[in-house]
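# Topology and contacts: notes
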Amino acid sequence: MLEKTYDPAAIEALRYAEWERNGAFAAHPESDAAPFTIMIPPPNVTGSLHMGHALTFTIQDTLIRWRRMQGRDALWQPGTDHAGIATQMVVERLLAEQQSSREKLGRTAFVERVWRWREESGGTITRQLRRLGASLDWPRERFTMDEGLSRAVRRVFVTLHRDGLIYRARRLVNWDPKFQSAISDLEVESRETRGTLWYIRYPLEGTDGAFITVATTRPETMLGDVAVAVHPGDERYRGLVGRHAILPLVGRRLPIIADAYSDPGKGTGAVKITPAHDFNDFKVGERHALPMPSVLDREARIRLDEIAASFAAAPGVADHEFLRGLGGEDRFSAREAIVQKLAALGLLEKSEPQLHQVPHGDRSGVPIEPLLTWQWFCNAVELAKPAMAAVEDGRTQFVPKQWENTFFAWMRNLEPWCISRQLWWGHRIPAWYGPDATIFVAETAEEAKAAAASHYGKITELRQDEDVLDTWFSSALWPFSTLGWPQETPALARYYPGDVLVTGFDIIFFWVARMMMMGHHFMHDVPFRTVYIHGLVRDPRGQKMSKSKGNIIDPLELIDRYGADALRFAIVQLTGPGRDIKLGVERVEAARSFITKIWNAARFCEMNEVRPDPDFRPESARLPLCRWAMDALNRAIGEATAALEAFRFDEYGAVCHRFAWHQFCDWFVELAKPVLAAGGAEAAEVRATAAHVLGQLLSLLHPAIPFVSEELWDRLGYGASGSLIRAAWPAPSRIADAEAARKELDWVVRLIGEIRAVRAEMNVPPAILVPILLKDALPATLALARRWQEAIGRLARVPEIRPLDGEMPRGVAQAMVDEATVILPLAEIVDLAAERARLDRERGKVGREAERLKQKLADTAFVSRAPEEVVEENRERLTAAEAELARLEAALRRIA
C-alpha cells in the first residue's frame, strides 16, 4: 500500500542508484535504433550545482528521457571541464592556508597537487547532478584533461599550426594583473564605477601657448601616447591635422591624425591614442602604422624601458626625475601623481566626476588591463566561414530562431582568438623553442626534438612554451574528442554529429561557435543539428540572481525541502522559447502540490483495486466516462509530444498539468467514485480504464518528474514489464465514438464548473444545497442532466435539476451552457443586492488600477528609464487586473 504522504527523500536516492546499477542510462551502439545524442556542456570540475545548472540539465534530461522512451538509442555524454583558472585558484587558496604556494612547489609538483585535488574533491558536481535525476551515461564520463582528450588537443593544435591557422603574435589582450594571465572576454565583467574625466592640455609644437585638449579617465597611460586623433569631419581641428602635439611630461612628438574613431560629441572631440593599452586605440594604431610602446608591466606597474628613448631625446621637455620616480609605481598611485604634476604645470584644464563601466576580472575582482603581449592566436575568421554557412543553409538551426542573429553578429565581427594563458594548470602548449628562438610545434617532446635535430643538424636542448591553452580550446573539441577522435571509433561514427545542444545565450560565441568551427574543420560536418538556447533563471520579480542582492536560490536546498521532481517540474512549466525564467519558492511549492495530487490519485486507485490489465483494449470501452477519459488522454499525448518536438517545455508542462490535475484527478476520479462503489461490469471497465490512463499518464510525466513516476509505476504493478525509464512513450489509442463521449462529458464538466463559479461569486456557503432550473434546454440536454443527476448533485451541491416552467423567478443568478440558461434561485439564500453592490465596488477598484497601469505603461519616459524587470512586472499586473475585471463583469451579468 502506498504511504499516505509522498516522501521524496525516502525514494529518490534509492531509485537513482537502481537506475544506475541496472545500466538504465546507457547508450546501445550495437542496437538498430536510430541514435539520439546530446553532449553535456561540461560543468567546471570546481563547480557546485546552481540554478543555471538546474535549468539546463533539467531540460536536457527531459529531452533524453523522452527520446529514450521513443525507442531512440539515446546518448547523453557526461563529463567535466578542467576549468584552468578556476581550478588553479582553488588549489592556490588551499596552499595558502598551508603557508605554501605554487611558486614554492614548482610547476611539476603543483600540477600533481591539482590532479590530487581533482581526485579527492572534483566529483561534487557529478554527485549533485545525480541528485537532480540527470540520466547521463556515466561509464562514458570524460574530463577535458584526460589522456584521450589531451591527445586530441595536441593533434588539433599541431594541425592548425601546420595549416597556418594558429600562430604567435604580439597583440593586445585582456590582462588580469592579479592572476598574471590573459583572460577571455567571458571572464571579464563590466562594473559601474565612479571615476573622473580629466581634461589635459597637450602643447602644440611650434606655437607657444597653444594647446589641444584631450579628455581621459586614464591619465597614467598617457606615457604611452603616440598620437592625438580627431574626427576628419570636425571643423574645429581641420587645421591641426598633420601637425604635432608634445606629450606632457615625456616630450614625445605626437602626430595629430584624422580618424573616424574620434567622436566630436564626446569630451573635447580629440582623443589620446595609446595603442598598447586600449583596444580601440590598438585598431587606430594598426590603421595608421603607429608605434606601440607599453608603459605597464604584467603587474600593472609603470615601466619606463620602452619610453626612455623618448624622454631622453627631449631634454628640455621631459621631466626626467619625475618620470624615473614613477618607475615601478602601481597604476593607480601613478595616476594620482601624474594628475598632481599636470596640475602643477598648468596643463590640467579641468576634471569632472564620471560614472562609467570599468572591465574587471570576474574571479580576481581587479580592473583588467589591455596589455600588449606575445601570445598564441587562432585564425577564427577563417574557421568561422563554414560554420556560418551551416547556419545559413539550415544544417544547424537555432531555437528560438532569433538567436541566429546573435550568432551572425558575433561571427561577422571576429578578432584573432587568443588561445594562450599564463597558467600552470591546463593543456600545455605543444611548442618548443630552440636556442635561437626557432619554434618547433609537435604533438610530443620526442617529435619536437627530432625536428630540432633535423633543423640544427645535431641534438639540441629545447625549452617548452610555459603557457597553457585557453579552456575554451579543449571545450571546442568536446563533441568529437569525447567519442574517441582522433581515432575513428565506432562511437564517433554513430553519435557524431549530435542532435541537440542545450545551452545559454551567453556562450553562443565562446563555446557554440567554436565547436562549430572545430567540428567543420576536423569532422567536415556540423557538431549538432539543433541549438536550443534557453534564458536565465531570475528571481520572481525578474531580477538577476546575485549574492549582492541576496536573492540567490540554492537548488540543493529546494531539492532537500521539496524533492528533485518538484524543482524539475517547476522549471519545465516556466521554460518557454526566448524568455527568462522567473523562479521563486512558490512555484516549486506549487509543483510539489501537483506531485502530491498525482500521488493521492494513485493511492485512490490502489485502494479501489485498480491494477494494470494486460488484456485491456481501449477500443472496447463502452461507458462514456471511460471513452471520454481515453479521448482526453489521446489529445494530451498528441499535444505533449508536439510540444517536446518544438522545444516548448512550458506547453508540455501545461498539457501534463491540465490533463493530470483537471481531467484525470478532478473529473475522471470524482465521476468514477459512484461507479466503483456500485460494483459490477461497469466498475470493472472503470478500473481497467483508470489503470490504463494512469499508466500512460505516468509515462507522459516521466521525462519531467522521473522519481515519483518510476516509484508509482513500480509500486502499482506496471513494473512487471520493466522499468518506466525504458517503457515506450505513449501513443494514442483508437476510441469508439470518441466525439459523442467528448460532447457528453464536456457538457457535464462545464455545467458543474458554471454552477460552482456562480456559487463562489455569490458567496453561497458550501453546506447549502441549491436546485437548478434549466431554461430553453433541448430534450437531449434534459436527458443528459437526468442521466448525470447524481454526479451533478454531489459535485455541485444540487438537490434537483428541472426545466423552468413559466416566468423567470426573481432573485436568481444565471449562466449559459450551450443553448440552456442555468438558473440558481438565490433570493432566500443570498442578499443579491448586496452582492451586486460588492461586485460593483470591486469592479470599480480593479478598473481604476488597470487604468493607472495602462497610463504608466504608456509613459515612454517610465518605460525607457525603469529597469526591464520593473516594466515587465507592471505589464503582468495589468494583465492580471484586466483578467480580474473581466471576471467581475461576468459575475455581475450573472445576477438577474
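None of these values were measured; they are calculated from a predicted model.

## Digging into the packing of aromatic side chains
Evaluated as defined, the whole model comprises 31 aromatic pairs. Aromatic pair F480 and W485: ring centres 5.2 Å apart, planes at 85°, arrangement edge-to-face. Among the residues examined, F480 registers a relative accessible area of 0% and is labelled buried. Note on W485: relative accessible area 10%, which makes it buried. Put simply, the rings of Y16, W19, F25 and F707 touch in pairs and so form one group of aromatic residues. When the ring centre of F143 is taken as reference, the NZ or CZ atom of R118 above it lies at 3.9 Å. In this structure, K673 is placed above the aromatic ring of F604, and the distance from its NZ or CZ to the ring centre is 5.5 Å.

## Notes on the sheet that holds strand β8 (residues 211-216)
Paired through backbone hydrogen bonds, the strands of a sheet run either parallel or antiparallel to each other. Strand order in this open sheet of three strands is β8-β7-β13, and the pairing throughout is antiparallel. Lying at the two open borders of the sheet, with one neighbouring strand each, are β8 and β13 (348-361). Looking at each pair of strands side by side, their axes are set apart by 20° on average, direction ignored. As defined by bridge partners, strand β7 (residues 188-203) adjoins β13 across 13 bridges and the pair is classed as antiparallel.

## Quick word on the sheet that holds strand β20 (residues 463-464)
Spatial ordering of the open sheet is given by β19-β18-β20, a layout of three strands whose pairing is antiparallel. At either margin of the open sheet sits one strand with a lone partner, and together these are β19 (439-441) and β20. Here strand β18 (residues 431-433) pairs with β19 via three bridges, running antiparallel. Paired with W432 across the two strands is F440, which belongs to β19.

## A short note on the layout of surface pockets
Estimated volume of the second largest pocket: approximately 1300 Å³. Forming the walls of the second largest pocket are 40 residues, and the residues nearest its centre are T216, T217, R218, D278 and H356. Here the lining of the second largest pocket gets seven residues from one element, more than from any other, and that element is β7.

## Brief notes about the side chain of R67
Of note, R67 is situated in helix α2 (residues 51-69). The exposure class of R67 is buried, given its relative accessible area of 13%.

## A word on the nonpolar core
For soluble globular proteins, the rule of thumb is that nonpolar side chains tend to be buried together. Counting residues in hydrophobic clusters, the biggest one holds 227 residues, and the most contacted among them are F407, F664 and I792. It is helix α23 (residues 649-678) that contributes the most residues to this core, 15 residues altogether. Aside from chain neighbours lying at most four places away, what touches I792 is W747, V748, L751, I752, I755, A785, R797, V798 and I801. In terms of nonpolar packing, the next biggest core, distinct from the first, is built from 39 residues, I200, I212, L247 and L323 among them.

## Quick look at the environment of D737
Relative to the helices and strands, D737 is located in the loop between α25 (706-715) and α26 (738-761). With relative accessibility at 52%, the residue D737 sits in the exposed group. For the pair D737 and D631, spaced 106 residues apart in sequence, the C-alpha to C-alpha distance is 9.6 Å.

## What to know about the pattern of salt bridges
Tallied over the full model, the rule gives 73 salt bridges. A salt bridge links R363 to D362, with the shortest nitrogen-to-oxygen separation between them at 4.0 Å. By relative accessible area, R363 is classed as partly exposed at 32%. Since its relative accessible area comes to 34%, D362 is described here as partly exposed. Several salt bridges converge on common partners, so that one network encompasses E3, R15, E18, E711, D714 and R715.

## Concerning the pairing of strand β2 (residues 73-77)
Each regular strand shows side chains that alternate between the opposite faces of the sheet. When you tally the buried positions in β2, you get five out of five residues, the bulk of the element. Direction of pairing for strand β1 (residues 35-39) relative to β2: parallel, over a ladder of five bridges. Opposite M39, over in β2, you have Q77 as the bridge partner.

## Notes on α2
With 19 residues, α2 should cover 27 Å at 1.5 Å per step; its first-to-last C-alpha distance of 27 Å lies within 8% of that length. With 18 of 19 residues buried, α2 is to be regarded as a mostly interior element. Within two residues after α2, G71 carries a phi angle of roughly 95°, on the positive side.

## A closer look at the side chain of S474
In this fold, S474 is placed in helix α15 (residues 471-475). Relative accessible area serves as the criterion here: at 3%, S474 is assigned to the buried category. Of note is the side chain of S474, whose polar atom sits 3.0 Å from the backbone oxygen of T471. Sequence-distant contacts of S474, defined by excluding residues within four places in its chain, comprise H82, T144, V153 and H427.

## Section: the packing of helix α22 (residues 624-645) against helix α24 (residues 681-701)
Their axes nearest at 10 Å, the elements α22 and α24 cross at an angle of 10°. Looking at the two axes, α22 sits roughly parallel to α24. Within the contact between the two elements, α22 uses C626, A629, M630, L633, A636, I637 and A640 and α24 uses E685, V686, T689, H692, V693, Q696 and L700. Here the contact of α22 with α24 is built from residues that sort into 10 nonpolar, three polar and one charged.

## Thoughts on the environment of A740
Looking at where A740 falls in the secondary structure, it is placed in helix α26. Residue A740 is classed as partly exposed on the basis of its relative accessible area, which comes to 33%. Between the C-alpha atoms of A740 and W628, which are 112 residues apart in sequence, the distance is 8.6 Å.

## Details of the pairing of strand β29 (residues 820-825)
Counting buried positions along β29 yields five of six residues, so the element is predominantly enclosed. Of the strand pairs in this sheet, strand β28 (residues 812-817) and β29 are connected by six bridges, and their pairing is antiparallel. Note that in β29 the partner of A815 across the bridge is V822. Turn length for the β28-β29 hairpin, with the two strands adjacent in sequence and antiparallel, is two residues, and the turn residue D818 shows positive phi of about 55°.

## Some remarks on unusual backbone geometry
The amide bond that connects V399 to the next residue, P400, takes the cis arrangement and shows omega of -5°. For P400, the location among the structural elements is in the loop between β15 (397-399) and α13 (403-411). Along the chain, W485 connects to P486 via a cis peptide bond; the corresponding omega equals 20°. Counting through the fold element by element, P486 comes out in the loop between α16 (478-481) and α17 (490-495). Non-glycine residue Q99 carries a positive phi angle of around 55°. Its relative accessible area of 61% is what places Q99 among the exposed residues.

## Some remarks on helix α19 (residues 555-562)
Three or more residues of α19 are buried, namely P555, L556, L558, I559 and Y562. Angularly, the buried residues of α19 cover 160° about the axis, an arc narrow enough to put them on a single face. Among the exposed residues of α19, those pointing more than 90 degrees away from its buried face are E557, D560 and R561. One or two positions beyond α19, positive phi appears at G563, with a value near 95°.

## Some words on the packing of α19 against helix α21 (residues 585-607)
Close contact between α19 and α21 brings their axes to 11 Å; oriented N to C, the two are set at 35°. Between α19 and α21 the crossing geometry is right-handed. Contacts from L558, R561 and Y562 of α19 reach α21 at V585, V588, E589 and R592. Among the residues making up the contact of α19 with α21, the classes are represented as four nonpolar, no polar and three charged.

The rules behind the values
Residues numbered from 1 in each chain as written. Predicted model: local features only at pLDDT ≥ 70, side-chain atom pairs only at ≥ 80, totals over all residues. Heavy atoms only, no water. Phe/Tyr/Trp six-rings, centres within 6.5 Å; stacked < 30°, edge-to-face > 60°. Buried < 20%, exposed > 50% of the residue type's maximum accessible area, 1.4 Å probe, protein only. Lys NZ or Arg CZ within 6 Å of the ring centre and 35° of its normal. Pairing = 2+ DSSP bridges. Helix = DSSP H or I, 4+ residues; strand = E, 2+ residues; numbered from the N terminus. Axes fitted to C-alpha atoms, helices over the stretch in contact; angles between N-to-C directions. 1 Å grid on protein atoms, 1.4 Å probe; cavity = no way out; pocket = protein on both sides within 12 Å on 5 of 7 lines; lining within 4 Å. Points joined across faces, edges and corners; volume = space filled by probe spheres on them. Core = buried A, V, L, I, M, F, W, Y, C linked by side-chain atoms within 4.5 Å. Contact = heavy atoms within 4.5 Å. Salt bridge = Lys/Arg side-chain N within 4 Å of Asp/Glu carboxyl O. Expected span 1.5 Å × (residues − 1). Polar contact = N/O pair within 3.5 Å; in protein donor to acceptor, adjacent residues only side chain to side chain. Parallel < 35°, antiparallel > 145°, perpendicular 65-115°, else oblique. Nonpolar A, V, L, I, M, F, W, Y, C, P; charged D, E, K, R; others polar. Arc of directions from axis to C-beta. Left-handed = near helix turned anticlockwise from the far one by under 90°.

Any functional reading would require information that these geometric values do not contain.
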